Amino acid sequence: MDRRKFIQQSTAAASLTAIGGLTFPSFTTKKKKHITILHTNDTHSHLEPFDASHYKYANKGGVARRATLVENIRKENPNTLLFDAGDIFQGTPYFNYFGGELEFKLMSMLKYDLATLGNHDFDNSIDGFYKQLPNAKFNFVSANYDFKNTILDTHVKPYQIFIKDGIKIGVFGLGIKLEGLVQPKLYKETNYLDPIEISQDMSRILKEDEKCDLVICLSHLGYHYNNNPNMISDLNLAKATKYIDLIIGGHTHTFLPKPTLVKNSIDKNMLVNQVGCYGINVGRVDFYFDKENNTVSQGNTILV
Amino acid sequence: MFTTFKNIVFLFCFSILLFSCKEDTYVVSKVTTKTLPVDATITSANSITKTIAPYKEKMIKEINTVLSYAPKDLTRTDGKLESSLGNLLADLTFKRANPIFKKQTGKNIDFSMFNFGGIRAGIPAGSVRNKNAFELMPFENILVVVELSGQKIAALIAYLIKSNTAHPISKNMELTITKNGYQLYINNKKFDSNKSYFVLTSDYLQSGGDNMTFFKNPIQRVSLEYKMRDAIVDYFKSVDTLRSRLDQRFKRN
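These numbers were taken from a predicted model, which means no experiment stands behind them.

**Student:** Sorry if this is basic, but what is going on with the overall build of chain B here?
**Tutor:** Scanning chain B for helices and strands turns up seven helices and 11 strands. Taken over the C-alpha trace, chain B has a radius of gyration of 29 Å; the compact-globule value for 253 residues is 18 Å, which it surpasses by more than 25%. Considering only C-alpha atoms, chain B reaches an extent of 95 × 45 × 40 Å along its principal axes. The burial tally for chain B puts 46% of its 253 residues in the buried class. If you take every contact in chain B between residues at least 6 apart in sequence, the share linking residues at least 24 apart comes to 79%. Approximately 13,200 Å² of chain B is accessible, and the part contributed by carbon and sulfur atoms is 52%.

**Student:** For this particular structure, what's the right way to read the overall build of chain A?
**Tutor:** Broken down by element type, chain A carries eight helices and 14 strands. Taken across its 304 residues, chain A has 58% of its residues classed as buried. In chain A, of all internal contacts separated by at least 6 residues, the share reaching a separation of at least 24 is 75%. Carbon and sulfur atoms make up 50% of the accessible area of chain A, which totals about 12,700 Å².

**Student:** Before we go on, may I ask you to explain the packing of helix α4 (residues 101-109) of chain A against helix α2 (residues 46-63) of chain B in this structure?
**Tutor:** Packed helix pairs are characterised by how far apart their axes lie and by the angle those axes make with each other. Here α4 of chain A crosses α2 of chain B at 165 degrees, and the two axes come no closer than 11 Å. For the element pair α4 of chain A / α2 of chain B, the angle class is roughly antiparallel. Viewed along their axes, α4 of chain A and α2 of chain B form a crossing whose handedness is right-handed. Within the contact between the two elements, α4 of chain A uses Glu101, Leu102, Lys105, Leu106 and Met109 of chain A and α2 of chain B uses Ser47, Ile48, Thr51, Ile52 and Tyr55 of chain B.

**Student:** What is the right way to read the sheet that holds strand β7 (residues 167-174) of chain A from this model?
**Tutor:** Strands belonging to one sheet form pairs held by backbone hydrogen bonds; the direction of such a pair is parallel or antiparallel. Residues and elements named next belong to chain A. As summarised here, the arrangement of the six strands in space is β6-β7-β9-β10-β12-β11, forming an open sheet in which the pairing is mixed. Of all the strands in the sheet, just β6 (159-164) and β11 (260-263) have a single pairing partner and so form its edges. Averaged over all adjacent pairs, the angle separating strand axes in this sheet is 25 degrees, with direction ignored. In this sheet, strand β10 (residues 246-248) lies alongside strand β9 (residues 214-219) in parallel orientation, the contact comprising three bridges. The partner of Leu218 across the bridge, within β10, is Ile248. Helix-sheet contacts for helix α7 (residues 195-209) involve β6, β7 and β9, and the interaxial angle to β7 is about 165 degrees.

**Student:** Just checking my understanding: could you explain the pattern of salt bridges for this structure?
**Tutor:** Pairing is possible between side chains of opposite charge, provided their charged atoms come close. Residue and element names in this part refer to chain A. A complete count under the given rule lists 15 salt bridges over all chains for this structure. The salt bridge partner of Glu210 is Lys168, with a shortest N-O separation of 3.9 Å. Residue Glu210 is located in the loop between α7 and β9, and its partner Lys168 is located in strand β7; the two are separated by 42 residues in the primary sequence. Here Arg284 makes a salt bridge to Asp286, at a shortest N to O gap of 2.8 Å. We note that Arg284, like Asp286, is buried. One network of salt bridges, with partners in common, ties together Glu76, Arg284 and Asp286.

**Student:** Is there a simple way to think about the environment of Asp192 of chain B in this case?
**Tutor:** All names here are of chain B. Within the secondary structure, Asp192 is located in the loop between β8 (189-190) and β9 (197-202). In this structure, the C-alpha to C-alpha distance between Asp192 and Ile109, residues 83 residues apart in sequence, is 16 Å. Of the polar contacts made by the side chain of Asp192, one reaches the backbone nitrogen of Asn194; its length is 2.9 Å.

**Student:** Before we go on, may I ask you to explain helix α3 (residues 84-105) of chain B in this structure?
**Tutor:** Quick reminder: α-helices carry 3.6 residues per turn. Residues three or four places apart thus point the same way. Residue and element names in this part refer to chain B. In this model, α3 (22 residues) spans 31 Å end to end at C-alpha, consistent with the 32 Å of a helix rising 1.5 Å per residue. At Ala97, α3 shows its maximal kink, close to 35 degrees; a proline, Pro99, follows between one and four residues later. Following α3 by one or two positions, Gly106 adopts a phi angle in the positive range, close to 80 degrees.

**Student:** I keep staring at the sheet that holds strand β10 (residues 220-227) of chain B and nothing clicks. Help me out?
**Tutor:** Residues and elements named next belong to chain B. Reading across from one edge, β3-β9-β5-β10 is the order of the four strands in this open sheet, with mixed pairing throughout. The outermost strands of the open sheet, each flanked by one partner alone, are β3 (111-112) and β10. Of the strand pairs in this sheet, strand β5 (residues 142-148) and β10 are connected by five bridges, and their pairing is antiparallel. Residue pairing for β10: Val146 is matched across the bridge by Arg221. Where helix α5 (residues 150-163) meets the sheet, its contacts fall on β3, β5 and β9, and the angle it forms with β5 comes to roughly 120 degrees. Here helix α7 (residues 228-238) sits on the sheet in contact with β5, β9 and β10, set at roughly 55 degrees to β10.

**Student:** Got a minute to help me understand the state of the cysteines in this structure?
**Tutor:** Simply put, the disulfide is a covalent bond whose two ends are the sulfur atoms of two cysteines. Within the structure shown, the criterion is met by zero disulfides over all chains. The thiol of Cys277 of chain A is unpaired, and the distance to the nearest cysteine sulfur, on Cys217 of chain A, comes to 20 Å.

Parameters and conventions
Residues numbered from 1 in each chain as written. Chains lettered and ligands numbered in written order. Predicted model: local features only at pLDDT ≥ 70, side-chain atom pairs only at ≥ 80, totals over all residues. Heavy atoms only, no water. Helix = DSSP H or I, 4+ residues; strand = E, 2+ residues; numbered from the N terminus. Rg over C-alpha atoms; globule rule 2.2 N^0.38 Å. Buried < 20%, exposed > 50% of the residue type's maximum accessible area, 1.4 Å probe, protein only. Contact = heavy atoms within 4.5 Å. Areas by Shrake-Rupley, 256 points an atom, 1.4 Å probe, with all protein chains shown as cover. Axes fitted to C-alpha atoms, helices over the stretch in contact; angles between N-to-C directions. Parallel < 35°, antiparallel > 145°, perpendicular 65-115°, else oblique. Left-handed = near helix turned anticlockwise from the far one by under 90°. Pairing = 2+ DSSP bridges. Salt bridge = Lys/Arg side-chain N within 4 Å of Asp/Glu carboxyl O. Polar contact = N/O pair within 3.5 Å; in protein donor to acceptor, adjacent residues only side chain to side chain. Expected span 1.5 Å × (residues − 1). Bend = angle between axes of the 7 residues up to and from the residue. Disulfide = S-S within 2.5 Å.

No statement about biological role is implied by the geometric values presented.
This is how it looks when you write it as structure tokens:
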């Protein structure tokens with residue numbers, strides 16, 4: 001039995017079945033591990049590719065193509081996770097006519113692992129979102145939307161932990177301030193909490209308490225606001241926190257040519273990425289792991 | 001007895017867990033990144049295309065539902081300071097919104113104003129379908145009424161004159177640019193800068209969109225909770241024929 005797998009099971013349940021593995025597993029496990037993270041943001045109901053006559057995105061995008069792309073990568077590395085950073089809804093009549101049903105169904109077929117909520121995901125009100133949840137075979141996380149007094153209470157957790165090849169990956173979600181962006185009658189009693197404070201808590205919980213090897217934030221805060229540089233954004237969040245390895249962003253529809261390398265609050269490198277909108281791109285980040293005593297240098301190599 | 005046994009098992013597992021963790025800590029040694037374009041070089045997954053198909057068929061049917069008829073092309077560019085489509089849009093939203101506003105507040109809207117850039121597509125002569133409404137107004141903008149001081153109305157007029165563009169305004173307004181300034185009548189009465197006025201617009205413009213800063217910080221703001229597109233669709237459904245013309249509501253003498 002694989003050593004890490006055994007730990008995973010012990011953590012999950014510490015069940016009696018785990019005893020089967022108690023013949024001490026050998027230490028000859030492979031030393032390198034490889035986790036692939038794939039991500040989208042602001043797909044905005046763009047289920048089909050853009051028309052060939054489109055002025056800007058001719059022939060680009062399309063969920064059926066995204067499905068092939070994702071499947072091929074999963075074949076190449078089964079330890080792949082697929083995330084979305086929000087604004088799944090709104091943008092084509094598919095949303096206006098079917099309320100997001102097809103968006104969630106297709107994302108489930110692509111085996112999305114997790115998503116967070118964008119402001120447009122409230123466009124049919126929090127009830128409209130709730131109504132479509134049975135079509136989503138993946139979870140939503142948000143750590144700074146307090147849904148306690150809403151229908152989404154208990155349906156959206158602050159974070160989720162995945163274990164892939166023995167690597168523990170903690171993922172938490174962050175949403176943008178809804179006031180002024182979404183009508184109050186749509187988001188109802190959703191309480192917005194300060195993203196920085198929440199992220200400091202979340203990353204501590206995931207790193208120190210849950211002992212995650214990798215901490216990822218799905219954020220719909222927006223990449224950066226040139227006109228309002230102090231406004232909370234992914235870049236500002238990255239600088240003000242520690243332990244986060246990757247922020248997967250959305251909202252600002254920012255087409256980053258490559259992820260941005262940012263120094264966090266303890267001067268450690270981490271990544272902020274966002275892949276534009278409408279499913280025109282899929283972001284890919286590959287994390288390679290080594291046993292701690294095997295790493296040559298103190299720092300890690302981030303190739304962007 | 002069983003509990004004790006279970007506890008021992010737990011303890012055993014836990015100690016192994018601790019031991020293992022200490023030995024087996026993995027750290028990130030290398031990170032690589034890539035942005036993958038989704039384009040025609042990638043084969044579409046059949047299962048996805050098949051799942052979309054029935055929805056697509058239904059959507060196309062819905063979106064092609066005929067709502068009204070346009071005897072001629074309605075565009076935003078057939079006049080200088082006004083347009084057939086701008087006039088139609090400003091008048092129809094006023095027509096749909098005023099009863100709602102009156103019911104809520106007991107007052108009448110004085111006029112409506114939107115932005116030229118917000119007219120996203122023209123309506124070609126012939127059958128007017130659901131999709132024309134979507135193309136004309138793809139955004140989820142909501143109609144709001146703001147009470148503006150005479151001073152802010154003057155700023156609104158200055159904006160209209162300065163931009164020299166056919167921003168949609170409703171027929172309640174008659175604005176003439178003159179040699180020395182302008183003449184303004186609102187509902188056939190001369191503009192009174194000591195009076196306040198109720199103006200219908202979208203939540204987007206009210207929040208300062210398209211630099212319409214005069215809409216910000218109004219005396220009061222009433223959201224009609226009525227989407228602009230819904231107002232358009234409702235109006236299209238209510239008339240057999242869309243009629244609109246240039247009537248010199250905004251002109252230069």
